[in-house]
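Coordinate analysis (summary)
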Amino acid sequence: MINGRVVLQRFPAGGPRGSWPAEEFASRCRLEGRAAEVVMDLATDAFLVIVREAAPQPVA
């Protein structure tokens, strides 16, 4: 987990022309009910599919 985010999958930025595997994977995750989004990791030149983790709520 990085800064309240969980990486579900990593895709190289140099994918085949006309192919968007990270977006396709994120779309399938959203159909399953996950709030997945695609972000670019410049340090590794990869697209990451992430979900943001909600901050834990204290139990009363």
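For the structure itself, look to the data block above.
Let me sum up the structure you'll find in this document.

Analysis parameters
Residue indices follow the written sequence of each chain, beginning from 1 at its first position. Local features are withheld for residues below a pLDDT of 70 in this predicted model, meaning they are given only at 70 or higher, and side-chain atom pairs are given and counted only at 80 or more; totals for whole chains, interfaces and linings count all residues. In computing side-chain values, all of the structure's heavy atoms are included and hydrogens and water are not. Strands are runs of DSSP state E lasting at least two residues, helices are runs of H or I lasting at least four, and both sets are numbered from the N terminus onward. Pairs of residues are marked as contacts when any of their non-hydrogen atoms sit within 4.5 Å. Any two strands with at least two DSSP bridges between them are considered paired. All axes here are fitted lines through C-alpha atoms, helices being fitted over the stretch that makes contact, and every angle between N-to-C directions spans 0 to 180 degrees. In plain words, nonpolar cores are sets of buried Ala, Val, Leu, Ile, Met, Phe, Trp, Tyr and Cys residues tied together by side-chain atoms within 4.5 Å. Relative accessibility decides the category of a residue: with a 1.4 Å probe and only protein chains considered, values under 20% of the type maximum give buried, values over 50% give exposed, and everything between is partly exposed.

Relative to the helices and strands, A26 resides in helix α1 (residues 21–31). As for A26 and L48, which are separated by 22 residues in sequence, their C-alpha atoms are 9.4 Å apart. Discounting chain neighbours no more than four positions away, the residues touching A26 are A36, V38 and V49.

Mapped onto the elements, L48 comes out in strand β3 (residues 46–52). When sequence neighbours within four positions are dropped, the list of residues in contact with L48 reads V7, Q9, R10, E37, V38, V39 and D41.

As a further point, take the sheet that holds β3. On the basis of which strands lie adjacent, the open sheet formed by 3 strands has the order β1-β3-β2 and antiparallel pairing. Sheet topology places β1 (5–12) and β2 (36–41) at the edges, where each strand pairs with a single neighbour. When strand polarity is set aside, the average angle formed by the axes of neighbouring strands in this sheet is 30 degrees.

A few words now on the nonpolar core. Within the largest apolar cluster, 8 residues are counted, these being F11, A22, F25, A26, C29, A36, V49 and V51. Take this core: its biggest share by element is 4 residues, from α1. Residues contacting A22, with those up to four places away along its chain left out, are F11, V38, F47 and V49.

Right, let's get into the pairing of β2. Two faces belong to every sheet, and in a regular strand the side chains alternate between them. Inspection of the sheet shows β2 paired to β3 by 6 bridges, in the antiparallel sense. Within the sheet, the bridge partner assigned to E37 lies in β3 and is I50. Counting the residues between successive antiparallel strands, the hairpin from β2 to β3 contains 4 residues, one of them, D45, with a positive phi of roughly 55 degrees.

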